[in-house]
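One-letter residues, chain by chain:
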Amino acid sequence: MFLTAKILFFAVNGLLRVAMGFDIGLSTKCVVIPKEMGMCHKIGYSEMRLPNLMGHTSMAEVILKSTTWQHLAHTECHPHVRTFLCSLFAPICLDTFIHPCRSMCVAVRDSCAPVLACHGHLWPDSLDCNRFPADEDMCLASLTKEYKYLHKVLPKPACQTCPAVEEFFTHKRVLEVFCDSNFAVKVKLSKKRTVFGDQEYNIECQVEFITQGSLLPYETQNMIQQWLLINENCTQRMTPTHRPMVYLLVGNIEEGTILVKQAYRWQRRDSQLTLATQKWRYHKCL
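Just so we're clear, the structure is a prediction, and the values are computed from it rather than from any experiment. (Residues numbered from 1 in each chain as written. Predicted model: local features only at pLDDT ≥ 70, side-chain atom pairs only at ≥ 80, totals over all residues. Heavy atoms only, no water.)

(A) Structural context of the overall build of the protein chain. From N to C terminus, the protein chain includes nine helices and 13 strands. Among the 286 residues that make up the protein chain, the fraction classed as buried is 44%. Element-wise, carbon and sulfur atoms account for 53% of the exposed surface of the protein chain, whose accessible area totals about 15,900 Å². (Helix = DSSP H or I, 4+ residues; strand = E, 2+ residues; numbered from the N terminus. Buried < 20%, exposed > 50% of the residue type's maximum accessible area, 1.4 Å probe, protein only. Areas by Shrake-Rupley, 256 points an atom, 1.4 Å probe, with all protein chains shown as cover.)

(B) Summary view of the pattern of salt bridges. Using the criterion set out here, one finds three salt bridges in the structure. A salt bridge links E61 to K65, with the shortest nitrogen-to-oxygen separation between them at 3.8 Å. Residue E61 and its partner K65 are located together in helix α2 (residues 59–75), separated by four residues, close to a single helical turn. For E176, the salt bridge goes to R173, with nearest N and O atoms at 3.2 Å. (Salt bridge = Lys/Arg side-chain N within 4 Å of Asp/Glu carboxyl O.)

(C) Up close: the side chain of T67. Here T67 lies in helix α2. Owing to a relative accessible area of 15%, T67 belongs among the buried residues under this scheme.

(D) The arrangement of unusual backbone geometry in detail. Here the amide bond leading from L50 into P51 is cis, since omega sits at 0°, within 30 degrees of zero. Residue placement: P51 occurs in the loop between β4 (47–50) and α2. Although it is not a glycine, K42 sits at a positive phi angle of roughly 55°. Here K42 is to be found in the loop between β3 (29–32) and β4.

(E) The nonpolar core, seen in detail. Counting residues in hydrophobic clusters, the biggest one holds 37 residues, and the most contacted among them are M37, M39, M48, W69, L72, F84 and L85. Counting only elements with at least two residues in this core, the list comes to β4, α2, α3 (81–89) and α4 (102–118). Sequence-distant contacts of M48, defined by excluding residues within four places in its chain, comprise K29, C30, V31, I33, P34, M37, M59, V62, F89, A90, P91 and C93. Core analysis: the next-biggest nonpolar cluster, separate from the first, contains 24 residues, I203, W227, C234 and V260 among them. (Core = buried A, V, L, I, M, F, W, Y, C linked by side-chain atoms within 4.5 Å. Contact = heavy atoms within 4.5 Å.)

(F) Layout of the state of the cysteines. Inspection of the entire model under this criterion finds eight disulfides. C162 shares a disulfide with C234; S-S distance 2.1 Å. One disulfide, between C162 and C234, carries an S-S torsion of -95° and so falls in the left-handed class. Here C162 is found in the loop between β8 (156–157) and β9 (164–166), whereas its partner C234 is found in helix α8 (residues 232–238), with 72 residues between them in sequence. The residues C162 and C234 share a single accessibility class, namely buried. (Disulfide = S-S within 2.5 Å.)

(G) The arrangement of the packing of aromatic side chains in detail. As enumerated under the stated definition, the model contains seven aromatic pairs in all. Plain terms: the ring middles of F178 and F209 are 5.0 Å apart, the flat faces sit at 65° to each other, and that makes the pair edge-to-face. With F178 in helix α6 (residues 171–179) and F209 in strand β11 (residues 199–210), this residue pair connects regions lying 31 residues apart in the sequence. When sorted by exposure, F178 lands in the same class as F209, which is buried. An angle of 85° between the planes, with centres 5.6 Å apart, marks the rings of F178 and W280 as edge-to-face. Taken as a pair, F178 in helix α6 and W280 in helix α9 (residues 271–280) lie far apart in primary sequence, 102 residues in all. Among the residues examined, F178 registers a relative accessible area of 1% and is labelled buried. (Phe/Tyr/Trp six-rings, centres within 6.5 Å; stacked < 30°, edge-to-face > 60°.)

(H) How the structure looks around the packing of α3 against α4. The geometry of α3 relative to α4 is characterised by a closest axis approach of 10 Å and an angle of 120° between their N-to-C directions. By the angle between their directions, the pair α3 and α4 is classed as oblique. Between α3 and α4 lies a crossing of left-handed hand. Facing V81, T83 and F84 of α3, the residues of α4 in contact are M104, C105, V108 and C112. When its residues are assigned to classes, the contact of α3 with α4 shows six nonpolar, one polar and no charged. (Axes fitted to C-alpha atoms, helices over the stretch in contact; angles between N-to-C directions. Parallel < 35°, antiparallel > 145°, perpendicular 65-115°, else oblique. Left-handed = near helix turned anticlockwise from the far one by under 90°. Nonpolar A, V, L, I, M, F, W, Y, C, P; charged D, E, K, R; others polar.)

Bear in mind that shape data such as this cannot, by itself, settle questions of function.
If you want it as structure tokens, here you go:
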């Protein structure tokens, strides 16, 4: 009766395809999702099955292997990237294992494989979508059409060649670039090393202007944050030291894709950029 209630809960939320599941052996156990697996926090449950669906038998192994996917999860390359990854690395504690559906895998792969390629990696064989059950089985399904219709479709950041970083310019030249752009966002970048020795970035964004349709400031901030995570090689170039750096990122939105075309180093007491952003409010483009 308890299992039925849980299955109905997932079905109502549009994620579960009801059919036969995969029996859990007596050797598995429920454990608390560790703090090191940040991508699997606040996903609707706090305990996971061990061993997991990736065949990891110890918590140390789970933490080590999952950290390589944390960065991809933070890029939000697909609305269900965290759900997909956590269903494998930290499966929910039910009376049966619930795999992600093949359709969810395909949707996440198609959106996130280009991000991996941007970092020089291929979609791994361990996540081959053919290994997952069809939607007729009990599994976690991808977004429904109704869900997509109810949610605003936003432009997506893409992997691109790093924009030129300008350090010497006049406010008149900056205004000319503004006139040919859809947005300008001031970002403060800093980095630190994680406990695993990787680089982690702190990104603060402040929108200076948007001229692209119905985009809101917080939406633009989120998209620029995603752009900086996806194009990590560019972010690394802009933060050569651990000292915070401030830039003005300027770009366009073309065919649903965010492209950053110019980056201005915003140094302390830089009067030209400050003057340009002040004059922009009343500036008339030719």
